[in-house]
Every structure is written in structure tokens, then in C-alpha cells.
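So you can see what is in the structure, the chains are spelled out below.
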Amino acid sequence: RVLFRSRGVIFFGAHPDDETIMAGGTLAMLHARGVPVYVVCATDGRGGESGGVAEASTSEALAAVRLEELRCATAALGVDGLTWLGYEDPVMGPDEELFGFAAHEATLVAQVAAHILEKDVSLVLSHGSDGEYGHPAHVQMNRAVARAVREQVPDVLFYSVGALVPGIEDRLWNTSDPAHLGLDITPWIEAKHAAMLCHRTQHALFKRRRELATVREAVRTVESFHRHWPPVDGLAMPDDAFAALMRSAGAWQPCEAGK
């Protein structure tokens, strides 16, 4: 099969840093293998933490800083093109309540489809069905991407990130999405680490969630994927060009077929 060398891969994320945390190692691997890689980010991240960064002391300033961090991170991963969809990230509510962003679903679906068609990619990556840790904006992106692919660009593959890998505990796993593919991204860990260092407003959060001392300790070395489109019968490793490329990079089948 021809892999993605003449077309490419696009990652749709809700916030700056989603591309790095969830798929940074895989995006770096794809770049290293000559695959065109694009990232589309829905929001400006102003609703998140500032991490004590002095120049991010206001909402507007935080938005500007986080978008610059995103540019830094995607450069570190070797991303060929970056787009911000222009949405504001809602501020967290009491007790760290999280929200989706203000977007009409049909409009968001049309934007997603337009970017897929413009870049002429073969593979689409995005958030999982459960929004990883239940983030409404992540679920919002998953649904919009799923609709866009199913209704407007059904000839592309759609895999979600953070798929459940049995035997590995991680709060980011989407329990509704058992993993078809798992990849140890250690060979590309330096690129992922460099990208995480770019997201400096989030360093305190990266470390606090898991009580870690350094950002490097927060780099997840296993990235996993569940194929949503075309639907897969069971949990066997899919027979498609992305799965073939992933196998050549060392990917394995985390879940047994039918389990």
C-alpha cells in the first residue's frame, strides 16, 4: 500500500497541548517517516491555568501565550501546518468545572470537513468518545470529527487517541474506546519532551496531576488509538495503511479480538 507520503495526517484538538499530551510521539514518528502532519486547534486555551507565567496574567494575555506555546510545540514535533479555529476557551467554573466551547455543531462539523478536504489527508486523529477525563470540549471535538468524516469525507480513516490499554493505568484513557493500536513512543520521546517544555503555562498542571517533580517525568511513553471510521468488527488490529505504518514503527495490539 501507499502510506501517507503523498497525502497526510491531521490532528484535531480542543486546546493547545492536547496534540502533544495525547499524540506527540506519534506525530513526531509520522514526521520522521516523511508523512505530512497538520494540527488544527479549536480554542485558544484561555480558560486553563496560567502556571504563574508573568506575561499570562490576563485572559487575553493567556490566550496569546498559549497559542504561541502551541506554535512552539508543533514546531518541535515537526508539524507541517497549524490552524486555530478561532474559538475562545471557556473559563473553568467552581470546583474546576469544565465546559465545551461556544460553537454551533453544524458549523464546527463543516469547519472540520473543510480542513480535511483542504489538506487532502488520508488519516484524521482526534479526541476519544469519553473526552479522555470527561472534558466536554474533547467530547465536542470527537463528535464533530466523527460527523464530518461519516457525512462529508467518508474516504478517510478516523482514529481517536487515548484508547484504553489493559494493564496500564492512566486517567486519560477513554474507557469506551478499547485500543486497536498501542505504540511505545520512546524512540521519539525527545521531540515530545521538547513540545511539552513549550507548553510552559501547563507545567505545574503536568506535574501536579501525578505528583511529579519534572516535566520529563510527565511524558507518557505509550500512545494508543481506536479506529472509529470505517467501523472495525471486533478488536483485532485493523487492516489499513495507518495500522501498517504503526506496526512498522513497533505498534502492538493492546486488546484481544472479541474481548
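Owing to the predicted nature of the structure, the values given are computational and were not obtained by experimental measurement.

S.K.: So what about helix α8 (residues 241–248)? Which residues, and what values?
M.R.: Looking at α8, one finds that the buried residues are A241, F242, A243, L245 and M246. In the core, the buried residues of α8 are packed alongside α1 (18–32), β4 (123–126), β5 (157–161), β8 (181–184) and β9 (222–229). Its side-chain oxygen placed 3.0 Å from the backbone nitrogen of F242, D240 serves as the N-cap of α8. G250, located one to two residues past α8, shows a positive phi value of around 105°.

S.K.: Before we move on, can you summarise the sheet that holds β4 with the specific residues and values?
M.R.: On the basis of which strands lie adjacent, the open sheet formed by 7 strands has the order β3-β2-β1-β4-β5-β9-β8 and mixed pairing. Edge positions in the sheet fall to β3 (81–87) and β8, since each has one partner strand and no second. Averaged over all adjacent pairs, the angle separating strand axes in this sheet is 25°, with direction ignored. For strand β1 (residues 9–13) and strand β2 (residues 37–43), the ladder comprises 5 bridges, and the chain directions are parallel. The residue bridging G13 from the neighbouring strand is C41, located in β2. Packed onto the sheet, helix α2 (residues 59–77) meets β2 and β3 and runs at close to 160° relative to β3.

S.K.: Provide a residue-level description of empty space enclosed by the protein, including the pertinent values.
M.R.: Taken as a whole and judged by the stated rule, the model has 1 cavity of 30 Å³ or more. There is about 60 Å³ of room inside the largest cavity. Lining the largest cavity are I21, M22, G162, D170, L172, W173, R220, V222, E223 and S224. Tallied by class, the residues present in the lining of the largest cavity amount to 5 nonpolar, 2 polar and 3 charged.

S.K.: Can you explain the state of the cysteines? Please cite residues and give values.
M.R.: Summed over the entire model, instances satisfying the criterion amount to 1 disulfide. Note that C72 is cross-linked by a disulfide to C198, the S-S spacing being 2.0 Å. A torsion of -55° about the S-S bond marks the disulfide between C72 and C198 as left-handed. With C72 in helix α2 and C198 in helix α6 (residues 189–198), the pair connects residues that are 126 residues apart, well separated along the chain. Residue C41 stays outside any disulfide, its sulfur separated by 14 Å from that of C198, the closest cysteine. For C41, a relative accessible area of 2% gives the class buried.

S.K.: Give me the side chain of S160: which residues, what numbers.
M.R.: Following the sequence through the fold, S160 ends up in strand β5. Residue classification places S160 among the buried positions, given a relative accessible area of 0%. Separated by 2.8 Å, the side chains of S160 and H228 make a polar contact. Residues in contact with S160, not counting those within four places in the same chain, are S126, H127, G128, N142, D177, S224, F225, H226 and H228.

S.K.: An account of helix α3 (residues 105–119) is requested, with residue identities and associated values reported.
M.R.: For α3, spanning 15 residues, the distance from its first C-alpha to its last is 21 Å, which sits close to the expected 21 Å at 1.5 Å a residue. All of the buried residues along α3 are L108, V109, V112, A113, H115 and I116. One side of α3 carries all its buried residues, which in axial view fall inside an arc of 160°. Residues of α3 that are exposed and point more than 90 degrees away from the buried face comprise L117 and E118. Among the structural elements, β1, β2, β3, β4 and α5 (136–151) are those in contact with the buried residues of α3. Looking at the residues trailing α3, positive phi occurs at D120, about 55°.

Basis of the calculations
- Residues numbered from 1 in each chain as written.
- Predicted model: local features only at pLDDT ≥ 70, side-chain atom pairs only at ≥ 80, totals over all residues.
- Heavy atoms only, no water.
- Buried < 20%, exposed > 50% of the residue type's maximum accessible area, 1.4 Å probe, protein only.
- Helix = DSSP H or I, 4+ residues; strand = E, 2+ residues; numbered from the N terminus.
- Contact = heavy atoms within 4.5 Å.
- Polar contact = N/O pair within 3.5 Å; in protein donor to acceptor, adjacent residues only side chain to side chain.
- Pairing = 2+ DSSP bridges.
- Axes fitted to C-alpha atoms, helices over the stretch in contact; angles between N-to-C directions.
- 1 Å grid on protein atoms, 1.4 Å probe; cavity = no way out; pocket = protein on both sides within 12 Å on 5 of 7 lines; lining within 4 Å.
- Points joined across faces, edges and corners; volume = space filled by probe spheres on them.
- Nonpolar A, V, L, I, M, F, W, Y, C, P; charged D, E, K, R; others polar.
- Disulfide = S-S within 2.5 Å.
- Expected span 1.5 Å × (residues − 1).
- Arc of directions from axis to C-beta.

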